[in-house]
Structure formats: structure tokens, C-alpha cells
Amino acid sequence: MWSVLAEHVNDAVALPAEQQAIRARARHPSGAFVAFGTADTEQSIPARFAQMVRRHGDRVAVRTPDETLTYEALNRRANRIAHWLIAHGVGPEQRVDLVLERSPDLIAVLLAVAKTGGAYVPVDPGYPEERIAWMLDDADVILTLTTTELAAKLPTDTTTPI
């Protein structure tokens, strides 16, 4: 699917062949370009992440000054959240507001929403309250996930601290 979309984008933009080839690559942390095969790009995010868990479960996936999570630990956390989301009505094409600071929890929630088939609407908690209120109202979501600290600032009854 993604390779077909990329072909359509490349055709529409009419890039030179060399630039089209560059678009089909991703930059590795070492700085080298690594081309992805069609089988890799046609998998869902949860499927790709499951591969990483199987291959590198004990390696560090997320590191902050306060917390380090392996792929396996991040997967367990995301699975718990995904089961909770499903129990609260989140499924394919259901939207969930995320009002969260950057943290390991945010990464777990993003992965969990992907595992449910749902979609997330990112809301920066640093936005002015009026903008947040408008975004929460306009997004037509099934629920809003946030922290206890941020929940007090949000004007909605669908807010659920995580």
C-alpha cells in the first residue's frame, strides 16, 4: 500500500529518478541510508513493532533521564493500554485525543492506539486553553487521554487520566 502511494506521490511531483530513489530510503542513526523493501513498508506499525520485540526484546527502546524501557516492557505497557482502550470503545477508525507531555507513556499510548486500529488526535498541553477546548470539541473523539495534572486544565467530561 505505502509503496503504491509513494509511486503516486513521486509521479505527481515528477521528481528526477535519483530523488525518487532517495525518497524510498530512510536515514539510519549512523547517517547511512537504508532502503526498505516492499514487504517492510506494507506492514502496519504494530506488526513492525512486534518484529522488533521478537528480535530485540531486551534492548532499550525508550530512554529518558527518569526511565528506561526495553522493547518488551514497552510492548507490555502498550498492550495493557490497548486492552483498556478497547474496553472503553476504541476500535478501528475511532479517534482518541492525547493531551500528554513527551514521555515513555506517550510512546506507549501512541502504540496502543495503533494496536486498536484507532486514530489519535495530538493536543499539545502547551496550547492556550481556548485552542485546546476548540480542538477537543472539534475532534469528535470517543475519549481523551491525559495525566491527572493536565486533566484539571481540560474542559471536557471525556477526559481520562492515565
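Here the structure is a predicted model, which means the values were calculated and not measured. (Residues numbered from 1 in each chain as written. Predicted model: local features only at pLDDT ≥ 70, side-chain atom pairs only at ≥ 80, totals over all residues. Heavy atoms only, no water.)

Participant: Pulling in residues and values, what's your account of the confidence of the model for the protein chain?
Facilitator: In the predicted model, the protein chain carries a mean pLDDT of 79, and 70% of its residues have values of at least 70. No element of the protein chain has a lower mean pLDDT than helix 1 (residues 2-13), at 45, and none a higher one than helix 5 (residues 71-87), at 96. (pLDDT = per-residue confidence, 0-100. Helix = DSSP H or I, 4+ residues; strand = E, 2+ residues; numbered from the N terminus.)

Participant: Kindly report on helix 6 (residues 104-116), identifying the contributing residues and their values.
Facilitator: The terminal C-alpha atoms of helix 6 lie 19 Å apart, and with 13 residues this matches the ideal 18 Å at 1.5 Å per residue to within 8%. Pro104, Leu106, Ala108, Val109, Leu111, Ala112, Val113 and Thr116 are the residues of helix 6 that are buried. Two or three places before Asp105, at the opening of helix 6, Ser103 has a side-chain oxygen 3.2 Å from that residue's backbone nitrogen. Once helix 6 finishes, Gly117 follows within two positions and takes phi at roughly 90°, a positive value. (Expected span 1.5 Å × (residues − 1). Buried < 20%, exposed > 50% of the residue type's maximum accessible area, 1.4 Å probe, protein only. Polar contact = N/O pair within 3.5 Å; in protein donor to acceptor, adjacent residues only side chain to side chain.)

Participant: Now, about the packing of helix 4 (residues 45-56) against helix 5: what can you tell me, with residues and values included?
Facilitator: Packed helices, taken two at a time, are described by the angle between their axes plus the distance between the axes. Where helix 4 meets helix 5, the axes come as close as 9 Å, and the angle between the chain directions of the two elements is 140°. Taken together, the axes of helix 4 and helix 5 are oblique relative to one another. In terms of crossing hand, the pair formed by helix 4 and helix 5 is left-handed. Between helix 4, through Phe49, Met52, Val53 and His56, and helix 5, the contact on the second element is made entirely by Tyr71, Glu72, Leu74 and Asn75. For the contact of helix 4 with helix 5, the class distribution of residues is 5 nonpolar, 2 polar and 1 charged. (Axes fitted to C-alpha atoms, helices over the stretch in contact; angles between N-to-C directions. Parallel < 35°, antiparallel > 145°, perpendicular 65-115°, else oblique. Left-handed = near helix turned anticlockwise from the far one by under 90°. Contact = heavy atoms within 4.5 Å. Nonpolar A, V, L, I, M, F, W, Y, C, P; charged D, E, K, R; others polar.)

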